[in-house]
Amino acid sequence: MSTPAAVLKRRLRDLEARAAELHERIAVLQREAVQVEEQVTRWRIGGEIFEEVEQELREGRAGDRGGEADGASGVPSAAGSGEAAESVGDAPGAESGSRYVPQWSPGADPARLPGLYAEIVAFVSGADRPVRVPDVVRALFGEGAGRSRQEGVRAQLKRLVERCWLASGDGRSFTGVSR
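As the structure is a computational prediction, the values presented were derived from the model and not from experiment. (Residues numbered from 1 in each chain as written. Predicted model: local features only at pLDDT ≥ 70, side-chain atom pairs only at ≥ 80, totals over all residues. Heavy atoms only, no water.)

A. Examining the overall build of the protein more closely. Check the secondary structure of the protein and you find four helices and five strands. Taken from the N to the C terminus, the helices and strands of the protein come in the order α-β-β-α-β-α-α-β-β. A total of 179 residues make up the protein; the buried ones form 23% of that total. For the protein, long-range pairs separated by at least 24 residues make up 46% of all intrachain contacts whose partners lie at least 6 apart in sequence. Counting every atom, the protein has about 11800 Å² of accessible surface; 54% of that belongs to carbon and sulfur. (Helix = DSSP H or I, 4+ residues; strand = E, 2+ residues; numbered from the N terminus. Buried < 20%, exposed > 50% of the residue type's maximum accessible area, 1.4 Å probe, protein only. Contact = heavy atoms within 4.5 Å. Areas by Shrake-Rupley, 256 points an atom, 1.4 Å probe, with all protein chains shown as cover.)

B. View of the packing of aromatic side chains. One pass over the structure, following the stated rule, counts zero aromatic pairs. The residue whose ring lies beneath Arg149 is Phe141, and the NZ or CZ to ring-centre distance is 4.1 Å. (Phe/Tyr/Trp six-rings, centres within 6.5 Å; stacked < 30°, edge-to-face > 60°. Lys NZ or Arg CZ within 6 Å of the ring centre and 35° of its normal.)

C. Region of interest: the nonpolar core. In terms of nonpolar packing, the biggest core is built from 19 residues, with Leu113, Ile120, Val124, Leu157 and Leu160 touching the most fellow members. For this core, the secondary structure elements donating two or more residues are α2 (117-126), α3 (133-141) and α4 (147-162). When residues of this core are assigned to their parent elements, the largest contribution, five residues, is made by α2. Once residues lying within four places of it in the same chain are set aside, the contact partners of Leu157 are Ile120, Val124, Val133, Val136, Leu166 and Phe174. (Core = buried A, V, L, I, M, F, W, Y, C linked by side-chain atoms within 4.5 Å.)

D. Looking closely at the side chain of Gln156. Checked against the element boundaries, Gln156 lands in helix α4. A polar side-chain atom of Gln156 sits 2.8 Å from a polar atom in the side chain of Glu51. In this view, Gln156 contacts Glu51, Leu116, Tyr117 and Ile120; residues no more than four positions away in its chain are not counted. (Polar contact = N/O pair within 3.5 Å; in protein donor to acceptor, adjacent residues only side chain to side chain.)

E. Spotlight on the sheet that holds strand β4 (residues 166-167). Taken in spatial order, the three strands make up an open sheet running β3-β5-β4, and their pairing is antiparallel. Whereas interior strands pair on both sides, the edge strands pair on one side only; in this sheet they are β3 (131-132) and β4. As judged from the two bridges shared by β3 and strand β5 (residues 173-176), these two strands associate in the antiparallel manner. Across the sheet, residue Val131 finds its bridge partner in β5, namely Phe174. (Pairing = 2+ DSSP bridges.)

F. Here's a closer look at the pattern of salt bridges. Within the structure shown, the criterion is met by 10 salt bridges. Of the charged contacts in the structure, one is a salt bridge between Arg31 and Glu24, with a shortest N-O distance of 3.8 Å. By relative accessible area, which is 45% here, Glu24 ends up partly exposed. The partner of Glu151 in a salt bridge is Arg147, with the nearest N and O atoms 3.4 Å apart. On the criterion of helical spacing, the pair formed by Glu151 and Arg147 is a turn pair, its members being four residues apart in helix α4. Taking relative accessible area as the criterion, Arg147 reaches 56% and is therefore assigned exposed. What you see here is one network of salt bridges that share partners, running through Arg129, Asp135, Arg138 and Glu143. (Salt bridge = Lys/Arg side-chain N within 4 Å of Asp/Glu carboxyl O.)

What follows is the structure, encoded as structure tokens:
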């Protein structure tokens, strides 16, 4: 028969072992979360670059940069890419050469946002009522725009809300921000 002290020691060892196991699982999950967050960042950047190229193709200016590549990489140089490569509105945290949507700051010019972002902000801010994704898509691309186009614009609208360029109370309708 076990003594109460032996039972307590055994339970304590079991609990300590369980706590150590849980701490190890937490560490593994934290490492995995960091890896997934890095992938999310890469995919977001890739999506933004894709949107920029798509916009350039729509505007017929993709070939304008042909002779301005950096070395053999074929990557357009920041110096030759015009306003899109400058920091937008000199927002805090936006480095020179940044092509990402910066956080809104006083004095930031929405016309200098990259890709479709400037057009989206102009349309939504100029609307006399809250607009939904299909309204923005119709205004920018016409009636024939497909579902994938809507999902892309929805992501852009949400990014603009996150960065305080637009407002949304429910995530479905969007308005300009009165400043």
